[in-house]
Structures are given as C-alpha cells and as structure tokens.
Amino acid sequence: MTETLVQWRLVDDNPYQPRIVDDAEHIEKLARSIAVDGLLQLPKARSTDGDGQFQLAFGHSRRKAFEWLNDNFKAQGLPDRYDGYTRLPVDVAELTDEEMYRHAVSENVQRKDLSPIELAKAMIAYRDQFKKSSEEVGQLFGVNGATVRGMVRLLDLPAPVQDKVASGEITQGAARKLLTIARVDPKQV
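In short, a report on the structure. Here the residue numbering is sequential within each chain, running from 1 through the sequence in written order. It should be noted that, the model being predicted, local features are given only for residues of pLDDT at least 70 and side-chain atom pairs only at 80 or more, the latter also being counted only at that level, while totals for whole chains, interfaces and linings use all residues. Working from all heavy atoms in the structure, the side-chain values ignore hydrogens and water.

Moving on to the nonpolar core. In terms of nonpolar packing, the biggest core is built from 28 residues, with Tyr101, Met123, Phe141, Leu154, Leu157 and Val165 touching the most fellow members. Every helix listed is a DSSP run of H or I at least four residues long, and every strand listed is a run of E at least two residues long, numbered separately from the N terminus. Tallying contributions element by element places helix α5 (residues 116–129) first for this core, with 6 residues. The next biggest cluster of nonpolar side chains, apart from the first, holds 22 residues, and it includes Val11, Ala35, Tyr85 and Val92. Residues belong to a common nonpolar core when they are buried Ala, Val, Leu, Ile, Met, Phe, Trp, Tyr or Cys residues joined through side-chain atoms within 4.5 Å. Using a 1.4 Å probe on the protein chains alone, a residue whose accessible area is under 20% of its type maximum counts as buried, one over 50% counts as exposed, and one in between counts as partly exposed.

Mapped onto the fold, Val6 is located in strand β1 (residues 2–7). Of the residues examined, Val6 reaches a relative accessible area of 4% and is grouped as buried. Note: C-alpha distance between Val6 and Pro79 (73 residues apart in sequence) is 19 Å. Any two residues having at least one pair of non-hydrogen atoms within 4.5 Å are treated as being in contact. Apart from the residues lying within four places of it in its own chain, the contact partners of Val6 are Val11, Phe54, Thr86, Arg87, Leu88 and Val90.

This brings us to the side chain of Gln162. Note on placement: Gln162 falls in helix α8 (residues 159–167). Judged by relative accessible area, Gln162 falls into the buried class, the value being 12%. Beyond its immediate chain neighbours, meaning those up to four positions away, Gln162 contacts Ile117, Lys121, Leu154, Leu155 and Leu157.

The subject of this paragraph is the packing of aromatic side chains. Working definition: rings of Phe, Tyr and Trp (its six-membered ring) pair if their centres are within 6.5 Å, and the pair is stacked with planes under 30 degrees apart, edge-to-face with planes over 60 apart, and tilted otherwise. All told, the structure shown has 9 aromatic pairs when counted by the stated rule. Ring-pair connections join several aromatic residues into one group, and the members of that group are Tyr16, Tyr101, Tyr126 and Phe130.

Glancing now at empty space enclosed by the protein. Method remark: on a 1 Å grid restricted to protein atoms, a set of points is classed as a cavity if a 1.4 Å probe fits but cannot get out and as a pocket if it is open with protein on both sides within 12 Å along at least five of seven lines; lining residues have an atom within 4 Å of a point. Grid points are joined across faces, edges and corners, and a volume is the space filled by probe spheres set on the points. Taken as a whole and judged by the stated rule, the model has 1 cavity of 30 Å³ or more. Roughly 30 Å³ of internal volume is contained in the largest cavity. Lining the largest cavity we find 10 residues, and of these Gln17, Ala57, Phe58, His60 and Glu107 sit closest to its centre. When residues of the lining of the largest cavity are traced back to their parent elements, those giving at least two are β4 (54–58) and α4 (97–111). Polarity classes work like this: nonpolar for Ala, Val, Leu, Ile, Met, Phe, Trp, Tyr, Cys and Pro, charged for Asp, Glu, Lys and Arg, and polar for all others, with Gly in that last group. Taken together, the residues of the lining of the largest cavity break down into 4 nonpolar, 5 polar and 1 charged.

Taken as a whole, the second largest pocket encloses approximately 200 Å³ of empty space. Lining the second largest pocket are 14 residues, with Ile20, Val21, Ser115, Glu118 and Ala166 sitting closest to its centre. Within the residue set of the lining of the second largest pocket, elements represented by two or more residues are α5 and α8. Counting residues per element, the lining of the second largest pocket draws most heavily on α8, at 4 residues. Taken together, the residues of the lining of the second largest pocket sort by class into 5 nonpolar, 2 polar and 7 charged.

Rendered as structure tokens:
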C-alpha cells in the first residue's frame, strides 16, 4: 500500500463506475463523518501515465464527500482536516482495467444498492468488455447466470420504462411482466 496525499481535483472517477446518480444525503452524511472522525478507509486509485492525475478504483463517495467538505466545512463549522479538504489520501496501486472494473462493482454492490437498470448496465458492460459468460458475470455480482440474463433483459425495455424501473416507480417484477407482454405484443409496452 502506498498512501499518497493528492489534490482531490486530480482524482477522476473510475471509468467503470456503474453508479449514475449520487445520493446527496449520503454524501453529506459521509462528509460530516469524515470531518469528525477522519477518513476511516482510504480510497484506492491508480496513477494515469505519471501525469499527476489519478483514477479511483473505489472511493467515489469519499471523493465526493471531500468535494462537499471543501465547499462547506467553514460555513458548517466543521473541523479543518486534510488541508481544508483540498487533499485526499489515497492508496495508490498498479491496477488493470479489469481490476478497476471489479473494484467499482464490488464496492457498489456491497455497500449501497444500485438500481436494477444500473446493475443491468454494469453486468452487460462487464460481460462485453471483458468477454465474460453470464456465469462469470454472476460470480462477480453474487448471483447465478440466469439472474444475470434476466437483469440484462431489462435493458430491452423502452427508455421511459427503464427510467421508471431505475427510480423505483416500477418494480423489477412488473418490469419482467412488461418484457413478457413485449414478446407477445411489442406495441403494448
């Protein structure tokens, strides 16, 4: 492990980050926790070609929390840590693209639920980019191959329906019924 203090503005998101929408309430809670107790787990990142830039493997929410703190710690009366929250401690490691992908997915699946659409997109991206079978994708996501194939089918729904599934307005079960209807009469969906 190589701990390095880096300007958080030089730390880019993981290019394989499956999360599309940040939970502002979660970020603020995390930021306040970091201000009071410090950073309890270092984000992991890789250097990008020695140009001073880094890409997160995991720790997206922690970086977002530093951004929030940098903007708000004075007004909120929070302790000044990490040079006014301008510098983020990171664990710098050499990581392959597949390792970057696995870290991004593992952190999101284990810590905070992805929407069914975000999950389906992450599964299909892993399958296609790294030439994985449904069973291999399932191993990473902790499900079986049939579940992977079922989740990926959600992406066959029209975009407005996918948006409703992502927001929770339509359940996965209802979405799967819509897929069945679409097979019989595509105009009904």
